[in-house]
Amino acid sequence: MLDVLVPILAILSLRQLGSILCWCCSTKQRDDDDDEELGLERVGDLALNLILSKLAAKETARMACVNTRFRLLASEESLWSQFCYDDLFLSSPVDHHGNPTSSFKAFSMYPWHLVRRVKKCWDVIRNWLRVNFPEADASLLKGASEELLSELERRLEVKLPLPTKIIYRFCNGQAFHHGCMFGIIGGYHYGNHLNNVKLLCIDRILKRTDVFRHYSTRLYKNKNIKNEFIVLASTKSSSDKTFYLNCTTGQLYADGHELQLINGKMIHCVPSSLVRSSHDFDGDQQQDALLLWLEEHGRRLQNGTIRLRPQHLILRTILLHPEQPPCCTTSITNGVQVRGSAVLVPEKCKLEQDPEKYVFCYSIRMSLLPEGCIRNGIHFDSCQLQWMHWTVHADNDVIVSDVNANSLTEEGHYPMLKAGEKEFIYQGGTPLASRLDFVEGSLTLYPCRFGQPEGAPFQVAIARFPIKLPDYVF
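Residues numbered from 1 in each chain as written. Predicted model: local features only at pLDDT ≥ 70, side-chain atom pairs only at ≥ 80, totals over all residues. Heavy atoms only, no water.

### Considering the overall build of the protein chain
Along the backbone of the protein chain there are 13 helices and 22 strands. Look at the contacts in the protein chain between residues 6 or more apart in sequence, and 65% of them connect residues 24 or more apart. When the accessible surface of the protein chain is split by element, carbon and sulfur atoms take 52% of a total near 22500 Å². (Helix = DSSP H or I, 4+ residues; strand = E, 2+ residues; numbered from the N terminus. Contact = heavy atoms within 4.5 Å. Areas by Shrake-Rupley, 256 points an atom, 1.4 Å probe, with all protein chains shown as cover.)

Set out below in structure tokens:
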């Protein structure tokens, strides 16, 4: 029999082998006494092992459901060793904490495609953090145990979407040390408004969700209001910016006002058409908003759409303003480069108002290129910013804000741009009734020599950049 099967296995595609498997699994489970009714039961163990070695982890797990014999064959350590190496890049068995374990089968309790996808998501984020932001990487906790997740579900009376459970099995959010601002999600800063979002650990989820439910119960005198929501991410201050997961639908919402959430006026963090949350353990296409959100965040970190930047003088943070087109525009005038982009500030939006009010934080970043500035044939290695002017337009091209201001900093001096050195960043906020707007304008600078203005001022353009509601909200 083996001599016949080996050449057949060599030409069978994975889909064809999967068809054999599906036939087996579609047959109801039989007792060992009924083994003769199944064609594959007459095949020897070595031949069946060869068949299993051609399948993926998911199909092997399904085959284990057929009967006792197949379950034993599908539990071979050598099979799961290969699956873990091929799909998770593991050469030795470890658990979700990264600790050594006796078997590779520690990963087999969840749908394999989700385990593989969640691990890849965390690998992208953590690899970037290790290289660029080790302080934030150090704040990530080891994965939560199954018992801890069950305790959360019991206390909050929810059933977590399966992708969220696996995310927390790999990493139990971030530690909340006093004064620590190293949020892995990032933030922005304008005026007196400063935030930096962390992914909460289970202990903080329990506390923050209890506070939210207590507030809503006291306000509406209804103990059952919004019990499907849990708090998953936030800034240090509960009154600032909070992300809520709906455990029933799998959608994630951003809000700074619990009242808006209670009234159903919420900002989706992920396109609803992409969310396919299911509590069916065998669902092939499960993806809740938290998984989609973290995957998109990892892509933006990896491709440079968002970057690590100094914020608020001494703190470093992941700045959420886009750094890539089309959401970020760039103009160069006389060697001065100006880049502009905007990001939604969900915690300041007032969706319960009529008309709805959206708030955006825009960032204008300027620098002098390494070759410096040439004016009237004279080379200058620095320029001083004196005046800023830009307008904010609604989607019907009506000017809703006209900003004219000198560029004096909080320290009382005019910013100096030096050739090849870091950007000067200006960040401001604007409320809008429209969902689609744009900003454009100009800056006035003086060429400088030896740190002193010399010559006539000149203007540089701020290329038009969009202000619009994004598909993903962070």
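### Re the side chain of glutamate 423
With respect to the secondary-structure elements, glutamate 423 resides in the loop between strand S18 (416-418) and strand S19 (424-432). Here arginine 309 takes part through its side chain, which lies 2.9 Å from a polar atom of the side chain of glutamate 423. Side chain to side chain, glutamate 423 and arginine 339 meet in a polar contact 3.0 Å long. Those residues in contact with glutamate 423 that lie beyond four places of it in its chain are Arg309, Gln337, Arg339, Arg365, Met366 and Ser367. (Polar contact = N/O pair within 3.5 Å; in protein donor to acceptor, adjacent residues only side chain to side chain.)

### Considering the sheet that holds S19
Strand order across the open sheet formed by 4 strands is S11-S12-S13-S19, with antiparallel pairing between neighbours. With one partner strand each, in any of the chains shown, strand S11 (329-333) and S19 form the two edges of the open sheet. Between one strand axis and the next, the sheet turns through 20° on average, direction left out of account. Summarising the sheet, strand S13 (residues 358-368) and S19 pair through 9 bridges and their orientation is antiparallel. Directly across from tyrosine 358, in S19, lies its bridge partner leucine 432. (Pairing = 2+ DSSP bridges. Axes fitted to C-alpha atoms, helices over the stretch in contact; angles between N-to-C directions.)

### Remarks on the nonpolar core
Formed by 98 residues in total, the largest nonpolar core has its most connected members in Trp122, Leu129, Tyr168, Ile230, Trp293, Trp390 and Leu443. Not counting residues up to four positions away in its chain, the partners in contact with tryptophan 122 are Leu140, Ile167, Phe170, Cys171, Ile184 and Leu199. (Core = buried A, V, L, I, M, F, W, Y, C linked by side-chain atoms within 4.5 Å. Buried < 20%, exposed > 50% of the residue type's maximum accessible area, 1.4 Å probe, protein only.)

### Quick word on helix H13 (residues 289-303)
Look at H13: 21 Å from first C-alpha to last across 15 residues, which is about the 21 Å you get at 1.5 Å a residue. Taken residue by residue, H13 has Ala289, Leu290, Leu291, Leu292, Trp293, Leu294, Glu295, Glu296, His297, Gly298, Arg300 and Leu301 as its buried positions. Glycine 304, located one to two residues past H13, shows a positive phi value of around 85°. (Expected span 1.5 Å × (residues − 1).)

### Focus: the pairing of strand S20 (residues 436-449)
Inspection of the sheet shows strand S16 (residues 382-393) paired to S20 by 11 bridges, in the antiparallel sense. The residue of S20 that forms the bridge with valine 392 is valine 439. Where S20 and strand S22 (residues 458-468) come together, 9 bridges link them in antiparallel fashion. Looking across to S22, one finds that serine 442 is bridged to alanine 461. Sheet topology note: the S20/strand S21 (residues 452-453) ladder contains 2 bridges and is antiparallel. Of the residues in S21, the one forming a bridge with cysteine 448 is proline 453.

### Points about helix H9 (residues 146-156)
Considered for burial, the residues of H9 that qualify are Glu146, Leu149, Leu152, Glu153 and Leu156. Projected down its long axis, H9 shows its buried positions confined to an angular sector of 120°, all on one face. Those residues of H9 that are exposed and angled more than 90 degrees off the buried face are Glu147 and Arg154. (Arc of directions from axis to C-beta.)

### Considering the pattern of salt bridges
Under the defined criterion, the tally for this structure stands at 19 salt bridges. Between arginine 300 and glutamate 296 there is a salt bridge, and its shortest N-O distance comes to 2.9 Å. Of this pair, arginine 300 and glutamate 296 both sit in helix H13, separated by 4 residues, roughly a single helical turn. Here arginine 300 and glutamate 296 have matching classes, each one buried. (Salt bridge = Lys/Arg side-chain N within 4 Å of Asp/Glu carboxyl O.)

### Details of the packing of H9 against helix H10 (residues 162-170)
Running from N to C, H9 and H10 point in directions that differ by 135°, and their axes come no closer than 10 Å. Comparing the axis directions of H9 and H10 gives the class oblique. Our pair here, H9 against H10, has a crossing hand that is right-handed. Contacts between H9 and H10 involve Glu146, Leu149 and Glu153 from the former and Lys165, Tyr168 and Arg169 from the latter. (Parallel < 35°, antiparallel > 145°, perpendicular 65-115°, else oblique. Left-handed = near helix turned anticlockwise from the far one by under 90°.)

### Some remarks on the environment of leucine 152
Among the structural elements, leucine 152 can be located in helix H9. Residue class for leucine 152 comes out buried when judged on its relative accessible area of 2%. Every residue in contact with leucine 152, bar those within four places of it in the chain, is listed here: Glu157, Val158, Leu160, Ile202, Ile205 and Leu206.

### Digging into the confidence of the model for the protein chain
Chain-level pLDDT for the protein chain is 81 on average; 77% of the residues reach the 70-or-more range. Looking at the elements of the protein chain, mean pLDDT is at its lowest for helix H1 (residues 2-11), recorded as 44, and at its highest for H13, recorded as 97. The low-confidence segment residues 1-15 (pLDDT under 50) makes 16 contacts with residues lying over four places distant or belonging to another chain. Taken together, the stretch residues 21-38 has pLDDT below 50 and engages in 27 contacts with residues farther than four places along the chain or on a different chain. (pLDDT = per-residue confidence, 0-100.)

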